[in-house]
Amino acid sequence: MKSKTEAEIIAELDGRRNKIVSHNGGWLPGKGVFIHGHRLLEDLVVNESYMQIVVLNATGKKVSTELGQWMEAIFGCMSWPDPRIWCNQIGALAGETKASVSAATVAGTLAGDSRAYAQGALIKGMDFIRAAMAKVESGMTPQEVTDTEVKANRGKPNIMGFARPLAQGDERVSALEKLTAKLGFAVGPHLQLAYDIEEALFARFGESMNIVGYMSGFLADHGFTAEEVYRVYAVSVMSGVTGCYVEYADQPANQFLPLRCDDIDYVGVGIRSVR
Amino acid sequence: MSNSAAREVKRRDDVFVEKTQTKIWLEKPSESNPYIAETSYCHGYEIFDLMKNCSLVEVIYLLFKGELPTEAQKTLLEQLMIGLINPGPRHAATRAAMNTGVGKTNPVHILPIAAIVMGGERDCGGAIEDTMRFFRKNFRQPAEDVAEQIMATENVEDWPGFGQIYGGRDIQTTRLAETLLALEGAGDIMQWAANYVVALAKANAGWLPVGLAAAVFADLGFHPKLGGPVYQMITAPGLIAHGFELYTKPLTSMPYVKDEDYEIKN
């Protein structure tokens, strides 16, 4: 049941008309631009990377140069200019129609908000590793956590963060492992648990950790929540989409997988008349 | 820790179809060019036949359901579409459209931008699926009992499809619902929802546009996941109209919060 009366709500709304109270920041001409108490132009732009500013805007957290560099690398890992991937194909199709590059990039990026892949999958990956850690802390072994999850998935190994569409294995994990070592980060408890689960899953199904699993373990160790990670990586596939857009926007019409009428398989009802 | 050999990349043997299938549309090619369609058919009806003999609403229904609607279904959908054609200039999605317009963004971006906002889960298309599933789950129970239960256990902001606007009842949507309920096409779900809102009046709550649309879609037999996109489509004309109205006006044609009314707490 609601806790406020209609009159209280009206009074509260009246107090917000034409007025903004921001905890995140804003621009006050003559005074400066502020993000979570930091000065954008005098401090952040001079001393921090773009990725550090992205994380600050998305989460309110100020991360180190090294962590910013690590988190930025994920954008690189997601930037595959292969137009067969669903979000990228939208970029290529928008190139075909000569939609604007902004529209194409946004449209393809939005497609990555999927329950099967890209940024849409991050929440599930983060939630899984955090829940798995809670189970381990309450006494289960990583093997038991894995078996329970597989059982809940009707015997299938498709735990978010482990296994992936189209291929087994994930070359991005090795790249990130190198970067983790280069930047001097240790393997924390969530990432270690992800490795343990990978081992259990590999022994039974030959499936290994994918980039979501690695990211989820690493970023959970650095104190990020699922929602924070989703917010930071909302547009993580954009560069690959743009790449697919420009290739086809610069070509004559109908160069991207042209379809003849009979390339579409009509399986509907037969021809009929309204009257 | 597994070694990296465990992560060696091997393509799966997923079997993808050779051709995309559709039950919706048939394009018959011209004899001389297989890429050029000579005639198109929507669920079996030639497009010219539909143009000559059907209304726009009938063809929209045909696209989504695969069959032409009955007269009662057509009238129900058409009246809902008119009733909800414009969420009005205070709705967040319309305001997004107006910001797009007044900001001189390319007009072809007005609809996609506004439709994204209209896909949200609060008073937008994103709430329809949950509401339709709520009907499926509950409509065999007395509406009064379901209302009592929801009023006792859940915050009014979390009720699927029904509740309050600005702390009170949505008067216009209540009137729209009464109008639609009088139509022959109004079915069991709308009637159940009407009983449900009678009970919700106790909490100064009732119909919301998304609840009304969800009830109509349920009675028309739409899939719950289709509800959100159809809601975006229904509201699209209003979004475009308001966005474009401001496109032709100066940047200063919408309020801009003054610095003294912008407080940064940090």
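Residues numbered from 1 in each chain as written. Chains lettered and ligands numbered in written order. Predicted model: local features only at pLDDT ≥ 70, side-chain atom pairs only at ≥ 80, totals over all residues. Heavy atoms only, no water.

Caption draft 1: Just the overall build of chain A, in detail. Scanning chain A from terminus to terminus reveals 13 helices and six strands. Computed over C-alpha atoms, the radius of gyration of chain A comes to 23 Å, more than 25% over the 19 Å expected from 2.2 N^0.38 for 275 residues, which places it beyond the range of a compact globule. Taken along the three principal axes of its C-alpha coordinates, chain A extends 65 × 55 × 50 Å. Residues classed as buried in chain A amount to 42% of the 275 residues present. (Helix = DSSP H or I, 4+ residues; strand = E, 2+ residues; numbered from the N terminus. Rg over C-alpha atoms; globule rule 2.2 N^0.38 Å. Buried < 20%, exposed > 50% of the residue type's maximum accessible area, 1.4 Å probe, protein only.)

Caption draft 2: Representation of the side chain of S236 of chain A in the model. Residues and elements named next belong to chain A. Tracing the backbone shows S236 in the loop between α12 (226-232) and α13 (238-249). Classification of S236 as buried rests on a relative accessible area of 1%. Within the structure, the side chain of S236 is placed 2.9 Å from the backbone oxygen of Y233, a separation counted as a polar contact. (Polar contact = N/O pair within 3.5 Å; in protein donor to acceptor, adjacent residues only side chain to side chain.)

Caption draft 3: Structural context of the pairing of strand β2 (residues 25-28) of chain A. Residue and element names in this part refer to chain A. Judged from the four bridges that link them, β2 and strand β3 (residues 32-35) form a sheet pairing that is antiparallel. Across the sheet, L28 pairs through a bridge with G32, a residue of β3. Linking β2 back to β3 in an antiparallel pair, the connection comprises three residues, with G30 at a positive phi of about 90°. (Pairing = 2+ DSSP bridges.)

Caption draft 4: Inspection of a nonpolar patch on the surface at higher detail. Residues and elements named next belong to chain A. A cluster of nonpolar residues, L41, V45 and V46, forms a patch on the protein surface that exposes about 290 Å² of accessible area. With respect to the helices, strands and loops of the structure, V45 is situated in helix α2 (residues 40-47). Residue V45 is classed as partly exposed on the basis of its relative accessible area of 48%. (Patch = residues over 30% accessible without salt bridge, like charges linked within 9 Å, V, L, I, M, F, W, Y side chains within 5 Å. Areas by Shrake-Rupley, 256 points an atom, 1.4 Å probe, with all protein chains shown as cover. Salt bridge = Lys/Arg side-chain N within 4 Å of Asp/Glu carboxyl O.)

Caption draft 5: Highlighting the packing of aromatic side chains. Summed over all chains, the structure comprises 20 aromatic pairs over all chains. Sitting over the face of the ring of F224 of chain A, K61 of chain A holds its NZ or CZ atom 4.9 Å from the ring centroid. Directly above the aromatic system of Y247 of chain B lies the positively charged group of K104 of chain B, at a separation of 5.8 Å from the ring centroid. (Phe/Tyr/Trp six-rings, centres within 6.5 Å; stacked < 30°, edge-to-face > 60°. Lys NZ or Arg CZ within 6 Å of the ring centre and 35° of its normal.)

Caption draft 6: Up close: the interface of chain B and chain A. Listed as interface residues are 60 residues of chain B and, on the opposing side, 63 residues of chain A. Both sides together, the interface formed by chain B and chain A hides about 5300 Å², and carbon and sulfur atoms give 56% of it. At the boundary of chain B and chain A, one finds three salt bridges. Notably, a salt bridge pairs E67 of chain B with R272 of chain A, separated by 2.9 Å at the nearest N-O pair. The interface formed by chain B and chain A contains 24 residue pairs in polar contact (both at pLDDT 80 or more). Sorting the residues of the side of chain B that touches chain A by element identifies β1 (10-11), β2 (20-22), β3 (25-29), β4 (37-42), β5 (45-46), α1 (47-53) and β8 (262-264) of chain B as the ones contributing at least two each. With five residues, β3 of chain B is the largest single contributor of residues to the side of chain B that touches chain A. Bridge analysis of strand β6 (residues 264-266) of chain A against β2 of chain B gives three bridges, and the strand direction is parallel. Following the sheet pairing, Y266 of chain A is matched in β2 of chain B by T22 of chain B. (Contact = heavy atoms within 4.5 Å. Buried area = accessible area lost by both parts, 1.4 Å probe.)

Caption draft 7: Expanded view of the side chain of E58 of chain B. Residues and elements named next belong to chain B. Relative to the helices and strands, E58 resides in helix α2 (residues 56-65). No salt bridge forms around the buried E58; measuring N to O, its nearest opposite-charge neighbour K74 is 4.6 Å away. Within the structure, the side chain of E58 is placed 2.7 Å from the backbone nitrogen of S55, a separation counted as a polar contact. The contacts of E58, once residues within four sequence positions are left out, are N53, L68, P69 and K74. (Lys, Arg positive; Asp, Glu negative; His and termini not counted.)

Caption draft 8: Representation of the pattern of salt bridges within the structure. Residue and element names in this part refer to chain A. The final tally for this structure, using the stated rule, is 18 salt bridges over all chains. D147 is the salt-bridge partner of R204, the closest N and O atoms lying 3.4 Å from each other. Of this pair, R204 sits in helix α10 (residues 189-205) while D147 sits in helix α8 (residues 142-152), and the two are 57 residues apart along the sequence. Overall, the relative accessible area of 48% leaves R204 in the partly exposed class. Its relative accessible area of 30% is what places D147 among the partly exposed residues. Of the charged contacts in the structure, one is a salt bridge between R164 and E171, with a shortest N-O distance of 3.2 Å. According to the relative accessible area criterion, E171 is partly exposed, its value standing at 39%. The network of salt bridges with common partners includes R164, D170, E171 and R172.

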